[in-house]
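Architecture at a glance
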Amino acid sequence: MRIETKLPKVSTSIFTVMSQLAVKYKAVNLGQGFPDYDPPQALCEGLTRAMARGCNQYAPSMGVASLREQIALKTERLYGRRIDPATEVTVTSGASEALFAAISAVVRAGDEVIIFDPAYDIYDPSVVLQGAHVRRIPLARPSFAIDWQRVRETVTHKTRMIIVNSPHNPSGAILSATDLDALAEVTRDTDIVVLSDEVYEHMVYDGAAHQSVSRHEELAQRSMVVSSFGKTYHCTGWKLGYVVAPVSLSVEFRKLHQYINFCSFHPAQVAFAQFLASDPQHCLALPAFYQVKRDRFRALLEPSRLKLLDVPGGYFQLVDYSMIRKEDDTAFSRWLLEQGGVATVPLSPFCVKAPDDMYLLRLCFAKNEATLEAAAERLCRL
């Protein structure tokens, strides 16, 4: 039987490949972005209670009402935006489902979608599957800042969506209030939808504040904002996230969501609703929590031959390995895993065409102390 692929340029995700190789070679895994420590104990206990109480059948498609209410309270508390939990919040099975459903809901064949290179790998194929065209704009190295003049020149009457990601994966760059103003200016008086991937929203360091598009009155009216419980509460395997969007966009989003994944894990929704109500300070403590890990990891790597790039947000450290070997990042990451015993992620899979001189790897520092020390000890031997 002949099968013509709909995604000829797509193969197995680099995150899956590196994690499988990490197991095979018994390497320290700093590749895939997940913590190796447990979620809050009270949250786990709440999950157990929810299952014992019988919350094991279908949840409402848009999410449990008590959880949507807590999300609305959190959005107002952190970003000053009052939203209707009944019509403007949808709970999803992780951020990946949310991103795919958001793109599928509004992007049509022939449309154009602007994304910024390097970009999280789900964006491009999600656009291609709609029969639309991706317009990639490279971020300026080493800051990975957006060139807004380039954006203005790229926007056409066919532009349907601009996807932004802050804190940015893989670089950790963050958008400023000035960036949001520029985005608003670019999209003003257009039908462009903004898709804002904010899964690392609570990991912004050195006293900076996360600039969610929810803070920006003009942008919030045309944006779908994606957040992740898994990233915030150290439980990526629970696969729970949510989307905040104005009613017109939420209506379209929910049409797709109900067929992609009718509803999300019911007992986890109940547990999160209770935990958010009882411990609203958890997310406020995350910047300090992760900044300690960032600074500790950077100190451990200081004696190495790796050049450390700045990390204003997220939980990844980019390193320049050109003082060790000058070869493409995929080959070097494979060599490092097999010979150095550390699994990382190269940056080229995040780009449509990586520059020849981009000798960069992404290392996850959302790990316990022993993991970071073991990885750093091996990296300092290179």
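This section reports on the structure supplied with the text. Worth saying up front: this structure is predicted, and the values here are computed from it rather than measured.

Points about the packing of helix α4 (residues 94–106) against helix α10 (residues 247–260)
Between α4 and α10, whose axes approach to 8 Å, the crossing angle comes to 120 degrees. Taken together, the axis directions place α4 and α10 in an arrangement best described as oblique. Judged by the twist between their axes, the crossing of α4 over α10 is right-handed. Residues E97, A98, F100, A101, A102, S104, A105 and V106 of α4 lie in contact with α10, whose contacting residues are L249, E252, F253, L256, H257 and I260. Taken together, the residues of the contact of α4 with α10 break down into 10 nonpolar, two polar and two charged.

Some words on the nonpolar core
Among the nonpolar cores identified, the biggest contains 61 residues, and M161, L195, M224, Y290 and Y315 are the most heavily contacted of them. Per-element accounting of this core gives the leading share, eight residues, to α4. Apart from residues lying up to four places away in sequence, M224 is in contact with A102, V106, M161, V193, V194, L195, S196, V243, V244, A245, L249 and F253. By size, the runner-up hydrophobic cluster in this structure holds 28 residues, among which are I146, V164, L183 and A184.

Let's talk about the sheet that holds strand β13 (residues 360–364)
If you walk across this open sheet you meet the four strands as β9-β10-β13-β12, and the pairing is antiparallel. Here the strands that pair on one side only, and so sit at the sheet edges, are β9 (307–308) and β12 (345–346). Alignment of β9 against strand β10 (residues 316–320), held across two bridges, turns out to be antiparallel. Note that in β10 the partner of K307 across the bridge is D320. Lying on the sheet, helix α12 (residues 282–301) is in contact with β9, β10 and β13; it crosses β10 at an angle near 25 degrees.

A look at the environment of L382
Summarising the element assignment, L382 is placed in the segment after α14 (369–379). When the C-alpha positions of L382 and Y205 are compared, they lie 29 Å apart, and in sequence the two are 177 residues distant. Dropping the residues within four chain positions of it, L382 is found in contact with R305, I324, W335, L336 and G340.

Notes on the pairing of strand β8 (residues 241–244)
Side chains G241 and V243 project from β8 onto one buried face, and the interleaved Y242 and V244 project onto a second face that is buried too. Looking at chain direction, strand β2 (residues 89–92) and β8 are connected through four bridges and run antiparallel. When the bridges of β8 are listed, T90 appears paired with V243. Alignment of strand β7 (residues 223–228) against β8, held across four bridges, turns out to be antiparallel.

Quick notes on the pattern of salt bridges
If you walk through the whole model with that rule in mind, you get 17 salt bridges. Across the pair D124 and R136 runs a salt bridge, and its minimum N-O distance is 3.0 Å. Taken together, the residues span a long stretch of sequence, with D124 in helix α5 (residues 123–128) and R136 in strand β4 (residues 133–138) at a distance of 12 residues. Between R296 and E373 there is a salt bridge; the shortest N-O distance is 3.2 Å. One end of the pair, R296, is in helix α12; the other, E373, is in helix α14, with 77 residues separating them in the sequence. Residue class for R296 comes out partly exposed when judged on its relative accessible area of 32%. Residue E373 is classed as partly exposed on the basis of its relative accessible area, which comes to 34%. Residues joined in a network through salt bridges with shared partners are D117, D124 and R136.

Cut-offs used in this document
Residues numbered from 1 in each chain as written. Predicted model: local features only at pLDDT ≥ 70, side-chain atom pairs only at ≥ 80, totals over all residues. Heavy atoms only, no water. Axes fitted to C-alpha atoms, helices over the stretch in contact; angles between N-to-C directions. Helix = DSSP H or I, 4+ residues; strand = E, 2+ residues; numbered from the N terminus. Parallel < 35°, antiparallel > 145°, perpendicular 65-115°, else oblique. Left-handed = near helix turned anticlockwise from the far one by under 90°. Contact = heavy atoms within 4.5 Å. Nonpolar A, V, L, I, M, F, W, Y, C, P; charged D, E, K, R; others polar. Core = buried A, V, L, I, M, F, W, Y, C linked by side-chain atoms within 4.5 Å. Buried < 20%, exposed > 50% of the residue type's maximum accessible area, 1.4 Å probe, protein only. Pairing = 2+ DSSP bridges. Salt bridge = Lys/Arg side-chain N within 4 Å of Asp/Glu carboxyl O.

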